[in-house]
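Descriptive analysis of the structure
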Amino acid sequence: MYNEIDLDKIDIVTEPPTEEPARQYYFMAKCREWVREFERKNGRRPFAFTQTFGCQMNARDSEKLMGILRKTGFQEIGDEKADFVLYNTCTVRENANQKVYGRLGYLNTLKKKNPHMMIALCGCMMQEPEVVEKIRKSYRFVDIVFGTHNIFQLAELMVRRLEERNMVVSVWKGTDQIVEELPVERKFPFKSGVNIMFGCNNFCSYCIVPYVRGRERSRNPEDILAEIRKLVSEGVVEVMLLGQNVNSYGKTLDTPVTFAQLLRQVEKIEGLKRIRFMTSHPKDLSEELIRVMRDSEKICRHLHLPLQSGSSRILKAMNRRYTKEQYLDLVDKIRAAVPDISLTTDIIVGFPGETEEDFEETMDVVRRVEFDSAFTFLYSRRTGTPAAVMEEQVPEETMKNRFDRLLSEVQQISARVCARDLHTTRDVLVESLDDHLEGYVTGRLSNNTIVHFPGDASLIGTIVPVYLEESRGFYYMGTAG
Ligand code: SAH
Ligand code: SF4
Ligand code: F3S
């Protein structure tokens, strides 16, 4: 396996190899030289800090980036007072971009105090040419800019920066390449995200993701299964299979495989206890998948099924390719097969042309389905998407008013339905010590609800049966046993 390779055994005097991942290990070895030099001068290894601004897929990318940094000898620290700072950005809504610009100002002051500091920006925002232009012009202290398609090249880009002494910008427009076997530094020892596919082909009319993440590409099932087996051998008990639309997994492989078939294979991995996945597009959720969920011992009783809007008219304009009725039918089918399932969703308020009646349709679906929780978003206009140029953009005030009404409805329902397992004993995967209560730990039920109960650090990563004593809206207080 490449990721167990000893960097010191790599010859860095000759030209770099052209094939991957050998090429990247060559550059990691070169970076390691630089790290040693740093250590000789400063009496310590350099510090690295990465921050993720986006979704689970971005978070997984950050683990890969941190894996590369760790392999070359950097040590991770918890804030920006580091020698290498990397922001993995998101551009799904405008406020995600604003956060990054805000933080860049702060980085500039830090860099003035520590001129050797290296600043790198990557992720979805960097796939937008206007953003890169702005950084070149107004944020010249940034050292490296790269996108979503070449994150595996971090070490190569760092070496280039050290050699060229100018801002290095390397943003690929797209790729078919999936580079396997790079080092990964996981955030949790007992659970892990696993990419099963990259990109998105759906082009929902409001969404920028297909433009910044490129076309849909699925990993080979053998690579996915090998990765999960390795994770399990390292102590992982829960995996989250990641993709923008996991239900269309495998369609583009040379030998097509369905997502349900992949899940059946993952289920067989001994030692793995829980399987989660994200995100499911309602239009592609098959009967086969519902059957697999029904029959599975390991697939968690939770489905995140983004609704976006309850109005069939708006759904059409959003290019979601299902109607309100189809969504409700799907929910009925899932609940009939898996009665104790918890359903969560994403909803956008204020899509162009949304009328009060359309909004009431959304409220209607929310009341009928009774989601365990819902992420609610104000529509954000993304340049380059079809919705950005639609007439009838909804005035901000109307949008906010609807948003508040929706949120309050969602919260009331959520507090009620989340309590459905009260006074029963359920398995909890313990994730951490409780942040607020001493002598307590925090974990999750199969349906993703949080539980706090008395316990100590030795329980972290184990599954404990817990009696759910009290419901406090979004979480339970319990006792082991
Ligand atoms: N692939 C996933 C979602 C990825 S983006 C899916 O199809 O469900 C996560 C969420 O951000 C989306 O579900 C949507 O609710 C929200 N979102 C995406 N673009 C948005 C925009 N322009 N304005 C507001 N919310 C948006
Ligand atoms: Fe965006 Fe739609 Fe793709 Fe989800 S499915 S990432 S909302 S285009
Ligand atoms: Fe954001 Fe990119 Fe994820 S835009 S939501 S980080 S795919």
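See the structure above.
Quick look at the structure, then. (Residues numbered from 1 in each chain as written. Chains lettered and ligands numbered in written order. Predicted model: local features only at pLDDT ≥ 70, side-chain atom pairs only at ≥ 80, totals over all residues. Heavy atoms only, no water.)

Structural notes on the side chain of Gln 127
- Here Gln 127 is to be found in the loop between strand S4 (118–123) and helix H4 (129–138).
- On the basis of relative accessibility, which here comes to 12%, the residue Gln 127 falls in the buried class.
- Apart from the residues within four sequence positions on either side, Gln 127 is in contact with Gly 147, Thr 148, His 149, Val 171, Trp 172, Lys 173 and Val 212. (Helix = DSSP H or I, 4+ residues; strand = E, 2+ residues; numbered from the N terminus. Buried < 20%, exposed > 50% of the residue type's maximum accessible area, 1.4 Å probe, protein only. Contact = heavy atoms within 4.5 Å.)

A closer look at the packing of aromatic side chains
- Tallied over the full model, the rule gives 15 aromatic pairs.
- Aromatic side chains Phe 203 and Tyr 211 sit 5.3 Å apart centroid to centroid with 80° between the ring planes, which places their arrangement in the edge-to-face category.
- Residue Phe 203 is classed as partly exposed on the basis of its relative accessible area, which comes to 30%.
- A ring pair is formed by Tyr 206 and Phe 351, whose centres lie 6.4 Å apart and whose planes are at 85°; its orientation type is edge-to-face. Of this pair, Tyr 206 sits in the loop between strand S8 (197–198) and helix H6 (209–213) while Phe 351 is found in the loop between strand S13 (342–349) and helix H12 (356–369), placing the two residues 145 residues apart along the sequence. The same class applies to Tyr 206 as to Phe 351, namely buried.
- One aromatic cluster is present, formed by Trp 34, Phe 38, Phe 74 and Phe 84 through successive ring pairs.
- The lysine or arginine in question, Arg 93, covers the ring of Phe 377, its NZ or CZ lying 3.7 Å from the ring centre.
- Of note, Lys 134 hangs over the ring of Tyr 101, and the distance from its end group to the ring centre comes to 4.0 Å. (Phe/Tyr/Trp six-rings, centres within 6.5 Å; stacked < 30°, edge-to-face > 60°. Lys NZ or Arg CZ within 6 Å of the ring centre and 35° of its normal.)

Examining the nonpolar core
- Grouped together as the largest cluster of nonpolar side chains are 70 residues, with contacts concentrated most on Ile 228, Leu 241 and Phe 259.
- Counting residues per element, this core draws most heavily on helix H13 (residues 396–417), which supplies six residues.
- Residue contacts for Phe 259: discarding those within four places in its chain leaves Ile 196, Leu 241, Val 246, Asn 247, Tyr 249, Phe 277 and Leu 289.
- The next biggest cluster of nonpolar side chains, apart from the first, holds 31 residues, and it includes Ala 48, Ile 151, Phe 152 and Val 179. (Core = buried A, V, L, I, M, F, W, Y, C linked by side-chain atoms within 4.5 Å.)

Things to note about the pairing of strand S7 (residues 191–195)
- In terms of burial, S7 is largely enclosed, as five of its five residues are buried.
- Residues Lys 191, Gly 193 and Asn 195 point to one face of S7 and Ser 192 and Val 194 to the other, with burial holding for every one of them.
- Judged from the five bridges that link them, S7 and strand S10 (residues 238–242) form a sheet pairing that is parallel. Within S10, the residue paired with Ser 192 across the bridge is Val 239. (Pairing = 2+ DSSP bridges.)

Looking at the site of ligand 1
- In the vicinity of ligand 1, 15 residues are found, and the nearest of them are Arg 93, Gln 244, Gln 308, Asp 346 and Ser 380.
- For ligand 1, a nitrogen atom lies 2.8 Å from a polar atom in the side chain of Gln 244.
- Here Gln 308 contributes a side-chain N or O atom positioned 2.7 Å from an oxygen atom of ligand 1.
- Burial of ligand 1 by the surrounding chains reaches 90%, relative to a free accessible area of 530 Å².
- Grouping the amino acids of the shell around ligand 1 by side-chain chemistry returns seven nonpolar, four polar and four charged. (Near = heavy atom within 4 Å. Polar contact = N/O pair within 3.5 Å; in protein donor to acceptor, adjacent residues only side chain to side chain. Areas by Shrake-Rupley, 256 points an atom, 1.4 Å probe, with all protein chains shown as cover. Nonpolar A, V, L, I, M, F, W, Y, C, P; charged D, E, K, R; others polar.)

Regarding the site of ligand 2
- Every residue close to ligand 2 is listed here: Cys 200, Asn 202, Phe 203, Cys 204, Tyr 206, Cys 207, Val 209, Pro 210, Gln 244, His 281 and Arg 320.
- A per-class count over the shell around ligand 2 returns seven nonpolar, three polar and one charged.

A few points about the side chain of Asp 421
- By secondary structure assignment, the location of Asp 421 is in the loop between H13 and strand S15 (425–433).
- Owing to a relative accessible area of 10%, Asp 421 belongs among the buried residues under this scheme.
- Side chain to side chain, Asp 421 and Asn 447 meet in a polar contact 3.4 Å long.
- With residues up to four places along the chain from it excluded, the contact list for Asp 421 reads Arg 426, Leu 445, Asn 447, Leu 468 and Tyr 476.

Description of helix H5 (residues 154–164)
- Regarding H5, the residues found buried are Leu 154, Ala 155, Glu 156, Leu 157, Met 158, Val 159 and Arg 161.
- Each element contacted by the buried residues of H5 is listed here: helix H1 (22–42), helix H2 (56–72), strand S3 (84–89), S4, strand S5 (144–146) and strand S6 (168–170).
- Trailing H5 by a residue or two, Arg 165 shows a phi angle of about 60°, which is positive.

Here we look at the packing of helix H9 (residues 287–295) against helix H11 (residues 324–337)
- The interhelical angle for the contact between H9 and H11, taken along N-to-C directions, is 25°, at an axis separation of 9 Å. When the axis of H9 is compared with that of H11, the two are roughly parallel. Considering the relative orientation of H9 and H11, their crossing is right-handed. Along the contact surface, H9 presents Glu 287, Ile 290 and Arg 294, while H11 presents Leu 330, Lys 333, Ile 334 and Ala 337.
- Tallied by class, residues from the contact of H9 with H11 come to four nonpolar, no polar and three charged. (Axes fitted to C-alpha atoms, helices over the stretch in contact; angles between N-to-C directions. Parallel < 35°, antiparallel > 145°, perpendicular 65-115°, else oblique. Left-handed = near helix turned anticlockwise from the far one by under 90°.)

A short note on the sheet that holds S15
- Ordered by their spatial adjacency, five strands build a closed barrel running S15-S16-S17-S19-S18, and the pairing between neighbours is mixed. Averaged over all pairs of adjacent strands, the angle between strand axes in this sheet comes to 55°, irrespective of strand direction.
- Pairing analysis gives five bridges linking S15 to strand S18 (residues 463–471), with the strands arranged antiparallel. What sits directly across from Arg 426, in S18, is Val 466.

Structural notes on the environment of Val 236
- Within the secondary structure, Val 236 is located in the loop between helix H7 (221–233) and S10.
- By relative accessible area, which is 1% here, Val 236 ends up buried.
- In the structure, Val 236 is positioned 217 residues away from Phe 453 in sequence and 22 Å away in space, judged by C-alpha atoms.
- For Val 236, the residues in contact, after removing those within four places along its chain, are Arg 186, Pro 189, Phe 190, Lys 191, Ser 192, Leu 231 and Gly 271.

Digging into the sheet that holds S10
- Taken in spatial order, the three strands line up as S7-S10-S11 in an open sheet, and their pairing is parallel. Each edge of the sheet is formed by a strand with only one pairing partner; in this case those strands are S7 and strand S11 (274–278). When the angles between neighbouring strand axes are averaged without regard to direction, this sheet yields 25°.
- Across five bridges, S10 lies against S11 in parallel orientation. Following the sheet pairing, Leu 242 is matched in S11 by Met 278.
- On top of the sheet, H7 reaches S7 and S10; it is set at about 170° to S7, its chief contact.

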